[in-house]
Amino acid sequence: MGEKIVMGYWDCPFCGSTGIPGTTYDCPNCGRQRGKETKFYMKEGTVEYVPGHKVSGADWYCDYCGALNSAERTTCENCGSQRDESKEDYFSLKEPKTDNFNNNFNNTESSTSNEKKSASKFITFGIIALIILMVILISRFLSRPKDSTFLVQSMSWENSIKIEENKTFRESDWKLPDGARLAYTKSEIRSYESVLDHYESVTKSRQVQDGGHYETSYSDNGDGSFTEHSTFVPDYTTEYYTEEEPVYRKEPVYDTKYYYDIDKWVDSRTETSSGNDKNPYWPDLNLTEKEREAGRSSTYSMSGELTYKSLRKYKTKTVKYTIDEAMWKAIDIGQTISLTLKNGKITAWQYE
């Protein structure tokens with residue numbers, strides 16, 4: 001369906017006449033020309049088509065004399081001024097406007113609000129940056145290397161030997177691994193497969209187009225007329241149908257499962273020896289035929305009084321440090337050594 005042109009109407013604000021055809025420029029009662037405040041409308045329940053009416057655009061008003069002109073005219077019908085020198089037409093006059101005072105007030109208010117928001121964001125950012133800086137400085141202060149003196153009061157050592165035992169385990173799998181001794185086999189379910197069992201009828205629904213209808217809308221042309229738009233909208237109905245769907249059952253798949261005995265080395269125990277002297281030794285081992293060593297390790301430590309400077313004051317506390325073998329062998333009980341500490345750990349040392 002094509003678009004049709006429909007007559008619009010306007011009301012005279014001077015004499016109160018109503019329902020004046022939109023294509024009429026002057027009020028038939030008082031003779032006053034259609035003013036800039038005019039807004040076209042359509043009569044409810046009445047549609048008057050205007051055959052042959054050509055829509056060229058919105059009517060415009062001359063900026064020099066204020067006369068009303070149709071869109072087809074390039075010069076004012078009253079004074080002859082050029083249309084491109086006039087900026088007011090039907091649609092531009094219907095756009096909401098505010099006076100300069102309100103604009104200036106709103107701009108000033110918006111500017112003040114933006115300045116307050118910017119200041120608030122700047123202050124918040126500054127506080128956050130200050131907090132981050134303080135955290136970094138405190139962290140660096142606490143983690144910086146500290147020079148201290150340490151009086152060695154005791155030294156200790158510990159030697160450990162990890163023992164493993166060879167044990168036999170009963171296990172099962174779908175294949176026999178290397179080194180395993182087969183005990184027996186058994187047919188068992190390894191997996192399931194889907195097998196078609198039957199079909200069953202299932203009722204389903206779908207939307208099917210069932211004709212349609214036209215919906216009508218109107219747009220203001222700005223010249224006293226409206227354009228009628230007809231859009232075809234399809235109608236749908238629900239259709240039910242039956243469909244055969246397959247139903248599957250789970251069928252077990254059998255396979256041979258192997259049950260076997262296999263020997264594995266597992267953690268058994270740890271033998272340790274320790275002392276508070278400079279004569280470390282390894283613990284004696286009494287291993288059975290099914291035991292073996294799995295690794296040896298040593299730990300060395302020293303305890304004593306640490307003297308350090310804190311907030312311009314010297315403080316002393318008793319501490320224990322785990323040290324390497326070379327340091328443990330180099331120092332003796334009763335010696336005072338200089339320590340460089342970072343995050344509570346020794347990074348360097350030397351004799352006093």
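Since the structure is predicted, the reported quantities are computational estimates derived from the model, not experimental observations.

Undergrad: Can you help me understand the overall build of the protein chain in this one?
TA: Broken down by element type, the protein chain carries three helices and 13 strands. Within the protein chain, residue pairs in contact and separated by at least 24 positions form 67% of the contacts whose partners lie at least 6 positions apart.

Undergrad: Sorry if this is basic, but what is going on with the side chain of S81 here?
TA: Turning to its location among the elements, S81 is positioned in the loop between β5 (68–69) and β6 (88–89). Residues contacting S81, with those up to four places away along its chain left out, are W60, C62, Y64, T74, T75 and C76.

Undergrad: For this particular structure, what's the right way to read the environment of A183?
TA: Along the chain, A183 turns up in strand β8 (residues 181–220). In this structure the C-alpha to C-alpha distance between A183 and Y258, which are 75 residues apart in sequence, comes to 7.8 Å. Beyond its immediate chain neighbours, meaning those up to four positions away, A183 contacts R170, Y259 and Y260.

Undergrad: Mind showing me how you'd approach the state of the cysteines here?
TA: Two cysteines form a disulfide when their sulfur atoms are joined by a covalent bond. If you walk through the whole model with that rule in mind, you get zero disulfides. Unpaired in this structure, C62 has its nearest cysteine sulfur neighbour in C79, at a distance of 3.5 Å. We classify C62 as buried; its relative accessible area is 2%.

Undergrad: Mind showing me how you'd approach the sheet that holds strand β4 (residues 60–61) here?
TA: In a beta sheet, neighbouring strands are held together by backbone hydrogen bonds and run either parallel or antiparallel to one another. The three strands lie next to each other as β5-β4-β6, forming an open sheet whose pairing is antiparallel. Strands at the two margins of the open sheet, each flanked by one partner only, are β5 and β6. The pairing of β4 with β6 spans two bridges and is classified as antiparallel. Bridged to W60 within β6 is D89.

Undergrad: Just checking my understanding: could you explain the confidence of the model for the protein chain for this structure?
TA: Low pLDDT means the predicted coordinates in that region are not meant to be read closely. Residues with a pLDDT of 70 or more make up 89% of the protein chain, whose mean pLDDT is 89. Throughout residues 97–110 the model reports pLDDT below 50, and contacts reaching past four residues in sequence, or to other chains, amount to two contacts.

Undergrad: Teacher, can you tell me more about a nonpolar patch on the surface here?
TA: There is a patch of nonpolar side chains on the surface, built from F122, I123, I127, I131 and V135 and spanning about 530 Å² of accessible area. For V135, the location among the structural elements is in helix α2 (residues 100–143). Classification of V135 by relative accessible area gives exposed; the value is 52%.

Undergrad: How should I be thinking about the pattern of salt bridges in this particular structure?
TA: Note that side chains of opposite charge can pair when their charged atoms are close. Throughout the structure, instances matching the rule amount to 19 salt bridges. Across the salt bridge formed by E164 and R292, the nearest N and O atoms sit 2.9 Å from each other. Of the two residues, E164 sits in strand β7 (residues 146–173) while R292 sits in strand β10 (residues 291–310), which places them 128 residues apart along the sequence. Given a relative accessible area of 15%, E164 falls into the buried group. Close ionic contact of K204 with E245 constitutes a salt bridge, the shortest N to O distance being 2.8 Å.

The rules behind the values
Residues numbered from 1 in each chain as written. Predicted model: local features only at pLDDT ≥ 70, side-chain atom pairs only at ≥ 80, totals over all residues. Heavy atoms only, no water. Helix = DSSP H or I, 4+ residues; strand = E, 2+ residues; numbered from the N terminus. Contact = heavy atoms within 4.5 Å. Disulfide = S-S within 2.5 Å. Buried < 20%, exposed > 50% of the residue type's maximum accessible area, 1.4 Å probe, protein only. Pairing = 2+ DSSP bridges. pLDDT = per-residue confidence, 0-100. Patch = residues over 30% accessible without salt bridge, like charges linked within 9 Å, V, L, I, M, F, W, Y side chains within 5 Å. Areas by Shrake-Rupley, 256 points an atom, 1.4 Å probe, with all protein chains shown as cover. Salt bridge = Lys/Arg side-chain N within 4 Å of Asp/Glu carboxyl O.

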